[in-house]
Amino acid sequence: MKLELTPSTKGCARCGSAHLRSSRARRGKERLLRELTRTRFYRCRDCGHRGSYRASARSPFGGRASDEHTIRSTWRTRLIIAGFIAAALVLGIWSGLNAHG
């Protein structure tokens, strides 16, 4: 799939090539960044550089970006994070009560 260059993706940050392809978010930090922001990742077909860019409302891979999908996935991610924080707080309070009791 060929990446269409937009004002936010002027080409490879290393060599300036327009031969880019999309790249998956690798680690948890990148996945979280992708879900909470419009950050997307690419790989240069010429030099192999892997970089990121801020996606516009229009999908750089042709067609219209699904704003509804983006909103749903962002809220889902926020709910999951809130759940982990709540669970950590409950476990922290519970272990504190057991330590003193």
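Residues numbered from 1 in each chain as written. Predicted model: local features only at pLDDT ≥ 70, side-chain atom pairs only at ≥ 80, totals over all residues. Heavy atoms only, no water.

Caption draft 1: Local environment of the pairing of strand β3 (residues 50-54). Where strand β2 (residues 39-44) lies against β3, five bridges are found, and the strand directions are antiparallel. The residue of β3 that forms the bridge with Phe41 is Ser52. The hairpin formed by β2 and β3 contains five residues between the paired strands, and Gly48 there has a positive phi angle of roughly 85°. (Pairing = 2+ DSSP bridges. Helix = DSSP H or I, 4+ residues; strand = E, 2+ residues; numbered from the N terminus.)

Caption draft 2: The arrangement of the state of the cysteines in detail. Overall, the coordinates contain zero disulfides when judged by the stated rule. Here Cys15 stays free of any disulfide, with the sulfur of Cys44 as its closest cysteine sulfur at 3.7 Å. Residue Cys15 is classed as partly exposed on the basis of its relative accessible area, which comes to 41%. Here Cys47 stays unpaired: no disulfide links it, and the sulfur of Cys12, its closest cysteine neighbor, is 3.7 Å away. (Disulfide = S-S within 2.5 Å. Buried < 20%, exposed > 50% of the residue type's maximum accessible area, 1.4 Å probe, protein only.)

Caption draft 3: Main features of the side chain of Arg50. Relative to the elements of secondary structure, Arg50 occurs in strand β3. Classification of Arg50 by relative accessible area gives buried; the value is 18%. Of the polar contacts made by the side chain of Arg50, one reaches the side chain of Ser23; its length is 3.0 Å. Separated by 3.0 Å, the side chains of Arg50 and Glu30 make a polar contact. For Arg50, the contacting residues outside a window of four places in its chain are Ser23, Arg24, Ala25, Arg26, Glu30, Phe41, Tyr42 and Arg43. (Polar contact = N/O pair within 3.5 Å; in protein donor to acceptor, adjacent residues only side chain to side chain. Contact = heavy atoms within 4.5 Å.)

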